[in-house]
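Observations on the model geometry
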Amino acid sequence: MTSPAVKAPRGGPVTRKDVARYAGVSTAVVSYVVNGGPKKVAPATEAKVQDAIRVLGYRPNAAARALKLGSSETLGLIIPDNTNPFFSLLAHAVEDAAADLGYALVLSNSDGNLAKERRNIRNLAARQVDGVLLASVLFEPDLEALETADIPAVLLNQERDAPGFNSIGVDLAAGARIAVEHLIGHGHTNIGLAMGTNVSGSMDGREVGWRQALQEAGLQEGPVVYSGFTWPGGYSAGQRLVASINRPTAIFATSDTQAVGLLRAIHEAGLAVPGDIAVVSFDGSIEAEYSWPPLTTVEQPVAAMAEAAVNALVEARRGGKPKHNIFPTKLHVRQSCGCP
């Protein structure tokens with residue numbers, strides 16, 4: 001119990017001095033408790049300080065701390081859409097990896113829009129975050145605002161090396177080949193593609209892998225429909241593929257989200273999956289496991305990618321040279337492809 005002679009301050013913000021006075025310790029001891037060091041504090045003394053903080057409602061001044069440390073202890077993350085289960089999973093993994101290193105995370109969505117992406121980059125730069133993780137709509141995004149503020153960045157979801165940038169990604173083409181080769185192994189010779197659209201202007205690695213697998217097997221390319229990486233996009237692609245004169249017996253969807261919309265379109269057409277049309281998708285999000293039937297999907301190692309991305313950002317702050325980290329994918333077999 002604190003002595004009744006020591007009263008809580010009235011009016012104005014509670015300061016570290018108020019906490020020290022209330023607990024009967026020095027301001028340095030309060031600092032050690034609040035910051036978890038650098039010196040150890042006896043458990044009984046720490047308990048007194050924590051009690052004073054609780055009673056007085058003390059809140060450390062984050063701006064002052066950032067000024068003292070030369071760090072906001074905050075990272076920014078920009079993704080296209082946090083309602084997309086894959087990006088939601090990625091954001092959660094990045095938050096966990098950042099927290100493990102003592103960083104808080106500020107999340108923003110670009111909605112796949114270049115102008116909004118640039119606005120989010122400027123906003124994070126203005127807030128002087130310690131680094132930015134960006135899943136850009138471009139292969140080589142405009143990071144001038146970050147470069148001017150001397151804020152490092154790591155590009156997420158990058159399949160190719162972007163010179164001068166730290167980047168993290170998977171081999172999309174290799175993952176797509178695995179998926180299509182699995183469908184070929186089930187005897188399918190007419191394999192369609194539900195391809196998500198992007199604004200980069202270059203062919204997505206998943207389309208490249210689909211084409212390569214068919215070519216290597218000596219098969220003709222099945223019908224292709226381009227649509228958004230969304231549930232409605234997959235649904236629209238499914239409707240068009242089902243209505244195609246050359247209706248495929250199997251479809252490779254370039255995201256789990258698309259595949260879920262695709263399944264609905266197939267079911268509404270009175271067709272069975274995988275009996276009439278087999279489906280394999282890409283990403284490895286949780287919804288793939290709980291769709292009906294459960295989706296066979298190419299999984300990305302999200303946790304490992306997030307950890308590597310945050311570590312790369314910390315290394316960049318220390319002057320490390322940019323590098324591209326590429327991760328392998330694996331096929332998680334369920335029922336939508338025809339496997340039992």
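Residues numbered from 1 in each chain as written. Predicted model: local features only at pLDDT ≥ 70, side-chain atom pairs only at ≥ 80, totals over all residues. Heavy atoms only, no water.

**Some words on a negative patch on the surface**
Residues Glu95, Asp96, Asp100 and Glu307 make up a contiguous surface patch of negative charge. Considering each element in turn, the negative patch owes the most residues, three residues, to helix H5 (residues 85-100). Along the chain, the position of glutamate 95 falls in helix H5. For glutamate 95, a relative accessible area of 43% corresponds to the partly exposed category. (Patch = residues over 30% accessible without salt bridge, like charges linked within 9 Å, V, L, I, M, F, W, Y side chains within 5 Å. Areas by Shrake-Rupley, 256 points an atom, 1.4 Å probe, with all protein chains shown as cover. Salt bridge = Lys/Arg side-chain N within 4 Å of Asp/Glu carboxyl O. Lys, Arg positive; Asp, Glu negative; His and termini not counted. Charge placed at Lys NZ, Arg CZ, Asp CG, Glu CD. Helix = DSSP H or I, 4+ residues; strand = E, 2+ residues; numbered from the N terminus. Buried < 20%, exposed > 50% of the residue type's maximum accessible area, 1.4 Å probe, protein only.)

**A word on the nonpolar core**
Formed by 47 residues in total, the largest nonpolar core has its most connected members in Leu133, Leu156, Ile168 and Phe252. Per element, the largest residue contribution to this core is nine residues, and it comes from helix H13 (residues 302-317). Sequence-distant contacts of leucine 156, that is, excluding residues within four places in its chain, are made with Leu77, Leu90, Leu133, Leu134, Ala135, Ile168 and Ala309. Judged by nonpolar contacts, the second largest core, of 17 residues, contains Val242, Ile251, Ala259 and Val279. (Core = buried A, V, L, I, M, F, W, Y, C linked by side-chain atoms within 4.5 Å. Contact = heavy atoms within 4.5 Å.)

**Comments concerning the packing of helix H1 (residues 16-23) against helix H3 (residues 43-56)**
Running from N to C, H1 and H3 point in directions that differ by 120°, and their axes come no closer than 9 Å. In terms of orientation, H1 lies oblique with respect to H3. Between H1 and H3 lies a crossing whose hand is right-handed. Counting all contacts with H1, which are made through Asp18, Val19, Tyr22 and Ala23, the residues of H3 involved are Lys48, Val49, Ala52, Ile53, Val55 and Leu56. (Axes fitted to C-alpha atoms, helices over the stretch in contact; angles between N-to-C directions. Parallel < 35°, antiparallel > 145°, perpendicular 65-115°, else oblique. Left-handed = near helix turned anticlockwise from the far one by under 90°.)

**Remarks on the side chain of threonine 329**
If you trace the backbone, threonine 329 turns up in the loop between strand E11 (324-327) and strand E12 (330-332). Threonine 329 sits in the buried class, given a relative accessible area of 16%. When neighbours within four sequence positions are excluded, threonine 329 is seen to be in contact with Val170, Gly175, Ile178, Phe282, Val298 and Glu299.

**Here we look at the state of the cysteines**
Applying the stated criterion across every chain yields a total of zero disulfides. Between cysteine 337, a cysteine without a disulfide, and cysteine 339, which holds the nearest cysteine sulfur, the sulfur-to-sulfur distance is 3.5 Å. On the basis of relative accessibility, which here comes to 1%, the residue cysteine 337 falls in the buried class. What makes cysteine 339 buried here is its relative accessible area of 18%. (Disulfide = S-S within 2.5 Å.)

**Re the sheet that holds strand E6 (residues 191-196)**
In space, the six strands of this open sheet follow the order E7-E6-E8-E9-E10-E12, with mixed pairing throughout. The open sheet is flanked by strand E7 (224-227) and E12, the only strands paired with a single partner. On average, each strand axis in the sheet is inclined to that of its neighbour by 20°, with strand direction left out of account. Across four bridges, the pairing between E6 and E7 is parallel. Within E7, the residue paired with glycine 196 across the bridge is serine 227. The sheet contacts of helix H8 (residues 172-185) involve E6, strand E8 (250-253), strand E9 (278-283), strand E10 (296-299) and E12, and relative to E9 the element is tilted by about 165°. (Pairing = 2+ DSSP bridges.)

**Some details on the packing of H8 against helix H9 (residues 205-216)**
Closest axis-to-axis distance for the H8/H9 pair is 7 Å, and the angle between their directions is 40°. In terms of orientation, H8 and H9 fall into the oblique class. As for how H8 packs across H9, the hand of that crossing is right-handed. In contact with Leu172, Ala173, Ala176, Arg177, Val180, Glu181 and Ile184 of H8, H9 contributes Gly205, Arg206, Val208, Gly209, Trp210, Gln212, Ala213, Leu214 and Glu216. Here the contact of H8 with H9 is composed, by residue class, of nine nonpolar, three polar and four charged. (Nonpolar A, V, L, I, M, F, W, Y, C, P; charged D, E, K, R; others polar.)

**Notes on the packing of aromatic side chains**
In this structure the tally under the stated criterion is one aromatic pair. Where phenylalanine 86 meets phenylalanine 87, the ring centres are 5.2 Å apart and the plane angle is 70°; that geometry is what we call edge-to-face. Under the relative-accessibility criterion, phenylalanine 86 is labelled buried at 3%. Here the basic side chain of arginine 264 rests over the ring of tyrosine 235, its NZ or CZ set 4.6 Å away from the ring centre. (Phe/Tyr/Trp six-rings, centres within 6.5 Å; stacked < 30°, edge-to-face > 60°. Lys NZ or Arg CZ within 6 Å of the ring centre and 35° of its normal.)

**Here we look at H3**
Helix length check: H3 (14 residues) gives 20 Å between terminal C-alpha atoms against 20 Å at 1.5 Å per residue, within 8%. The complete set of buried residues in H3 reads Val49, Ala52, Ile53 and Leu56. Along the axis of H3, the buried residues cluster in a sector spanning 100°; they form a single face. The exposed residues of H3 that point more than 90 degrees off its buried face are Pro43, Ala44 and Arg54. Just downstream of H3 lies glycine 57, where phi reads positive at about 70°. (Expected span 1.5 Å × (residues − 1). Arc of directions from axis to C-beta.)

**Brief notes about unusual backbone geometry**
Here valine 273 and proline 274 are connected by a cis peptide whose omega angle stands at 10°. The residue after tryptophan 292, namely proline 293, is reached through a cis peptide bond having omega -5°. Structurally, proline 293 is set in the loop between helix H12 (286-290) and E10. Despite not being glycine, aspartate 111 has its phi angle at roughly 55°, a positive value. Residue position: aspartate 111 is located in the loop between strand E2 (104-109) and helix H6 (114-126). For asparagine 157, which is not glycine, the phi torsion reads 60° and is therefore positive.

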